[in-house]
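Chain by chain, the residues:
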Amino acid sequence: MTTMLGHLDDNERRGVSPETVAATIVKAIEAARPREFYAVGSRSPLPFLLKRALPRSVVSRIIASQHGLKR
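Residues numbered from 1 in each chain as written. Predicted model: local features only at pLDDT ≥ 70, side-chain atom pairs only at ≥ 80, totals over all residues. Heavy atoms only, no water.

J.: Teacher, can you tell me more about a nonpolar patch on the surface here?
T.: On the surface, Val 16, Val 21, Ile 25, Ile 29 and Val 40 cluster together into a nonpolar patch covering about 390 Å² of accessible area. Topologically, Val 21 is positioned in helix H2 (residues 18-30). (Patch = residues over 30% accessible without salt bridge, like charges linked within 9 Å, V, L, I, M, F, W, Y side chains within 5 Å. Areas by Shrake-Rupley, 256 points an atom, 1.4 Å probe, with all protein chains shown as cover. Salt bridge = Lys/Arg side-chain N within 4 Å of Asp/Glu carboxyl O. Helix = DSSP H or I, 4+ residues; strand = E, 2+ residues; numbered from the N terminus.)

Rendered as structure tokens:
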């Protein structure tokens, strides 16, 4: 488990390429029915796991607070 977390942290430090983020944004803009959450990066599975276990409003507040946003 420690090794996996170390790899995830290394990936996060290197960051996600701007092209990958831009492709995700374009996908969201062009979607006929956009989803509430689009996640990119090594932590991207987290919102989807939380969404299965917690109410949507709680997940939205958690994600907003991680990014310094008020919800």
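J.: I keep staring at the side chain of Ser 60 and nothing clicks. Help me out?
T.: By the element assignment, Ser 60 lies in helix H4 (residues 56-66). Polar side-chain contacts of Ser 60 include one of 2.8 Å to the side chain of Glu 36. (Polar contact = N/O pair within 3.5 Å; in protein donor to acceptor, adjacent residues only side chain to side chain.)

J.: How do you make sense of the layout of surface pockets when you look at a structure like this?
T.: Any empty space left between the atoms is revealed when a probe the size of a water molecule rolls over them. Taken as a whole, the largest pocket spans an internal volume of roughly 680 Å³. As for the largest pocket, its lining consists of 24 residues, of which Tyr 38, Ala 39, Pro 47, Ile 63 and His 67 are closest to the centre. Mapped onto the lining of the largest pocket, the elements with two or more residues apiece are H2, helix H3 (45-53) and H4. Residue classes in the lining of the largest pocket are distributed as twelve nonpolar, seven polar and five charged. (1 Å grid on protein atoms, 1.4 Å probe; cavity = no way out; pocket = protein on both sides within 12 Å on 5 of 7 lines; lining within 4 Å. Points joined across faces, edges and corners; volume = space filled by probe spheres on them. Nonpolar A, V, L, I, M, F, W, Y, C, P; charged D, E, K, R; others polar.)

J.: What exactly am I supposed to notice about the confidence of the model for the chain here?
T.: Residues shown with low pLDDT carry predicted positions that ought not to be read at fine detail. Chain-level statistics for the chain give a pLDDT mean of 81 and a share of 85% at 70 or above. No element of the chain has a lower mean pLDDT than helix H1 (residues 2-14), which averages 68, and none a higher one than H2, which averages 91. (pLDDT = per-residue confidence, 0-100.)

J.: How do you make sense of the side chain of Thr 24 when you look at a structure like this?
T.: With respect to the helices and strands, Thr 24 occurs in helix H2. Given the relative accessible area of 18%, Thr 24 is considered buried. Once you skip the residues sitting within four places of it in the chain, Thr 24 turns out to touch Tyr 38 and Val 40. (Buried < 20%, exposed > 50% of the residue type's maximum accessible area, 1.4 Å probe, protein only. Contact = heavy atoms within 4.5 Å.)

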